[in-house]
Each structure stands twice: as structure tokens, then as C-alpha cells.
Amino acid sequence: MKSLLKMTWMETKLFLREPVGAFFTLVFPLMMLFLFGSIFGNEPTPMFGGQGTIDISIPTYTAMIIGTTGLMSTTITMATYRENGILRRLRTTPVSPLAVLAAQVVVVFAMTGLGMLLLVTAGKLVYHVRFEGNAFSVLAGFVLGSLSFFGIGFILAGTMPTARTAQIVGLVLLYPMLFLSGAGFPRELLPAAVQKFSAFLPMTYVVNLLRGLWVGEAWGKHLLDVGVLSGMLILGIIISVKTFRWE
Amino acid sequence: MDTIVQVEGLRKTYGATVAVEEVSFEVREGEIFGMVGPNGAGKTTTIECLEGLRKPDRGMIRILGMDPQRDGHTLRERTGMQLQQSNLPERMRVWEALNLYASFYPKAADWNELLSQLGLEEKRNAPFSKLSGGQKQRLFIALALLPDPQLVFLDELTTGLDPQARHAIWDLVRDVRAKGKTVLLTTHYMEEAERLCDRVAILDHGRIVALDTPAALIRGLGVEERVVFNVDGTLPAGFEKALSSAVRLEVQGERVVVHGKNGRKVPLVSDVVGQLTKLGIQFLDLRTEQPTLEDVFLSLTGREMRE
């Protein structure tokens, strides 16, 4: 337990020292928020069902952060640790591989949460965002969405031959999702054909779930999202445990 | 004296390649035991089987009386390991690495003490990526010493280091042994094995081809020793016949090399100097060349290039 805490704290420091990862998790979403906030403001719009641009951006940018930490941070860290022999070194100690994975999950999760917290705080203070949902529901949706995406990251880290390939595959999966799932731009702005295609992107389900819960929709309206994300989570755990390699 | 490591009939294959075959040896308490051999001789495979990182196909291994496969967890608490290829995260600082790894062991050594013992005090806050090769190796030795282990495995500790760093690390290894710990190391530097190890196993093609103290290995080979000097003028004909036992003489201008069998009654050098003095021959720059472990190694494993 003591080693798990130490390892978690160490990984937190390492995460924050990695400028690119910290930027895309903590700073970039805020930049997007202020950019689109300054262009569109946060006036209620019929297109968004009476919500403002910033109101709907908080849950969708949260989905964007989840995608970034899941597909980039988790993938790159784990794949690099394996490739560079960092896991090999850990393996010579009594520490369990589960502790290594757990510390990683805790840190990436906490950083994703911090990214969301910054968004919510900035949204509240600067744009007075409307929140009509239940905070616990949103948190639960956030946990489900995050963990299901971390699963993809661990699978990539475990199955790709090198850290470089894992990073590229992660990016190739991430970028279309940012633009086409309604995470980076509101889906309402996308053409109908693209909106249909977005049903094949896992991030779409995170966006749907979080946007719905944010405005206070019932879980019952999002059974498909919950089903897809739970399925991803379970598959993610099974496959990442099976494909975990020390070297 | 206790047996710390016991290996019998170890065999390990990777697909069709036999990496290690019929390897048996023992390491006693307080010993520095070395495994040397060309690349691919099976040194690292052997040490990794002992560390429990690889599962042998056949054979018996006991480390501190335990089986590395069955009692791996306990052994990892009580042995220190330095791996041939491993790293730490680039941005992890020296003190953070020691502090983190110390938390893995139930009875960890004081890492602050290790930090100064290994001369890393001033690198305390340096990130891992900014350390030199020698500093990284010293940090890995410190990590290997953290569990306050009875046995330390060091796999190719000084590969790629400059001579200063290498000598400093040899001193460190001797210090480790002086604290009563047992050291099992691999190297492909013969000089390192000869200077550092109490006993050496020479591996080739996955088998142990010789195992003894460096001095006994050199004696056992019966390699010749040489006396080299320059003469002022020329050496009288038949000089070699005046020596007490058979030698071979090689003369290149004023440079003379006398080759003699090792293990003679009268040391070759006093024999040669005695004759030169007796005959009143002026000589310069006289030195002897003893066979080294490297000669033993080459005569056992051949001189062709390996990869």
C-alpha cells in the first residue's frame, strides 16, 4: 500500500513534468473554451436546445480530455515504460504488476478529472454556465467514460510492437474522433452523413452520455451509451490483462 | 561457508536455439563470482534464470535455499538486481528513484546513506536522463543495494563505461563484498573478471568450459610468459642455451623477446637478467609479460569473431 501511494505520487509528478501531455489535458481544453467563448459567447441557442455554446462545451471538451488521456497519455507512458526497460527494472522488485497498472490508472484518472474541474471552474466563473443535471450522475458518467477509454490505451500499449507505433496508432484513432464525434465541435454543426458515421466512434458515446447527464437527462435515455462504454470497459480490462507484458 | 547459489544441470532454449546447456556451479557466501564469455555464450540467460526472470527448461536452481520460480517474491525482497538493459523514467530524479524503490522493500537500507556512498550526493536532484553512463550505473547499483540484500546480481555492469568510471565501479563492488554480501556478476571484460572476481566461470556456447580462480585458470593453461628487452649491440649466439630451461628467442633488431613456459623452477626474468649480467650485456627497458585471463579466454573460446 505504501508503495502504491508512493508510486502514484511519483507518476503524478512525472505526468506534470511531461509538457505535451499536461498541456493537452489541462491547458488546451481551456484555450478552446476561451476561444469559442469569445467568438460565440454563451447565449442560449435553439440549435443546442436552449443551451449556449459554452454550456454544451463543458461535457464535450471533457470527452476530448478523456480521449487524450486514454489514447495518448496511457498509451505512450505504458508503451515507453515497457520499451525502455522501466517495467523490467520494476519486475526485479517485490512490487506487483497490478500496483504498476493501478498507479497509472489512478494518476491518469485524477489528471483527467483535474482537466474537467478546470473547465467547469472557468465555465462557471467566466461564462456562468448552466448546470441542470445531478453532480453525482455526471461524475458516474465521467468515471465510466474515462475507464473505458483507458482500457483502449492499455490495449494499444500491450499489443503494439513499439512505443512509437503505439503513439501513432493512438493519434490516428484520436484525431478523427475529436472532430467527428462531437467532442471538439458540437455535433449539430456536422453534416448528417458525418453524424451517421459518428455512431462507429467510441467517443461519440462518451459525448452523448455526458451531454445528456449534464442537462439532467435520465440514465434510461442513455442505455445504449452505457452499454457500449461498459462493454468497452470489460473488454479493455480482459484484453489489457491478457496482453500486459513486462518487456 | 554457506552456499548462496546452487545451480545444477541448467538448460534453457529459445525455440530451436539452445542458450544454456548443462550449467552447474555453486557460489559461496562472501564471494565475488564472475561469469565471462563471448556475446551469446549464455551469461545473461543464466543470470536471468537465477533472478527468476526466466523459467529454465530443466535443472535445479537454489538461491539462498529457495527456488526462484516458486519463491520469487521472497527472493526479490532479499536479493538485489542490476539488469543489463533497464531504465528509469527520464524525468525521475535520483532521490525520487531511491525513495520510490525503497518503499518496495520491507526492510530497505537507508537510501540517503547509499546516495553518498555511491557518490551521487550532488546528483540528488538530477533527472535520470541527465546522468552520465557511469552515474546511471551507480544509481542502478544503489537500487540493487536498497533491499540490503545477501546476494547482488550485476549483469554487465561496466559495459560502455570509460576507464575511470569502470575502476570506480570495481571499488564499489569490492565495498559491497566487504560488507559481507555475495556478488554474482557477468562481464565480457577479462581484465574486470581477473581483477574483481574470486572465482570465474568461462561460458561458451551455453556451457561452462572452465571454472576456477583467475590465477588457477592462468596457471592451468600453461601459457608462456615473456621477457622483453632492448640490447645495446647484439646478443651473443647461443644465449638461450645458457638459460636454465628451454626458451624460444625472437630477435628484431635490438629488441629481444624471450618466450618461456609458465611454472618454471627459476622465474624466467631472474634467469634472463642473471645471464645478461654475467655476460656483461647492456640492456634497456626490460619488462615481463604475464599471461592474463584474456589469454586463457581466447585459448578456450577461439579467436574468430562472434556476433
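Here the residue numbering is sequential within each chain, running from 1 through the sequence in written order. Chains carry letters and ligands carry numbers; both start at the beginning, A for chains and 1 for ligands, and go up in the order they are written. Side-chain atom pairs in this predicted model are given and counted only at pLDDT of 80 or more, local residue features only at pLDDT of at least 70, and totals for whole chains, interfaces and linings cover all residues.

This next bit is on the environment of Val200(B). Residues and elements named next belong to chain B. Helix and strand assignments follow DSSP, with helices taken as H or I runs no shorter than four residues and strands as E runs no shorter than two, numbered in order from the N terminus. Its location among the elements puts Val200 in strand β8 (residues 199-204). It is 21 Å that separates the C-alpha atoms of Val200 and Thr79, two residues lying 121 residues apart in sequence. Note on contacts: residues are paired as contacts if their backbone-placed C-beta atoms lie within 7 Å. Discounting chain neighbours no more than four positions away, the residues touching Val200 are Gly34, Val36, Ala193, Pro214, Leu217 and Leu293.

For the rest of this paragraph, the subject is the pairing of strand β9 (residues 207-212) of chain B. Both faces of the sheet carry side chains from a regular strand, because those side chains alternate between them. Residue and element names in this part refer to chain B. Summarising the sheet, β8 and β9 pair through five bridges and their orientation is antiparallel. Pairing of Leu203 across the sheet is with Ile208, part of β9. Criterion used throughout: strands pair if DSSP finds at least two bridges between them. Joining the antiparallel neighbours β8 and β9 is a turn of two residues, in which His205 adopts a positive phi near 50°.

Opposite the 18 residues of chain A that make contact, chain B presents 20 residues. Broken down by secondary-structure element, the contributors of at least two residues to the side of chain A that touches chain B are α1 (2-17) and α4 (86-91) of chain A. Ranked by residue count, the leading element in the side of chain A that touches chain B is α1(A), at seven residues. Residues are grouped as follows: nonpolar covers Ala, Val, Leu, Ile, Met, Phe, Trp, Tyr, Cys and Pro; charged covers Asp, Glu, Lys and Arg; every other residue, Gly included, is treated as polar. The class makeup of the residues in the side of chain A that touches chain B is six nonpolar, five polar and seven charged.

Take the domain arrangement of chain B next. Where a domain begins and ends is set by an automatic assignment or by a domain database. Considered domain by domain, chain B is made up of domain 1 (3-219) and domain 2 (224-290). Taking only C-alpha atoms, the centre of domain 1 of chain B and the centre of domain 2 of chain B are 43 Å apart.

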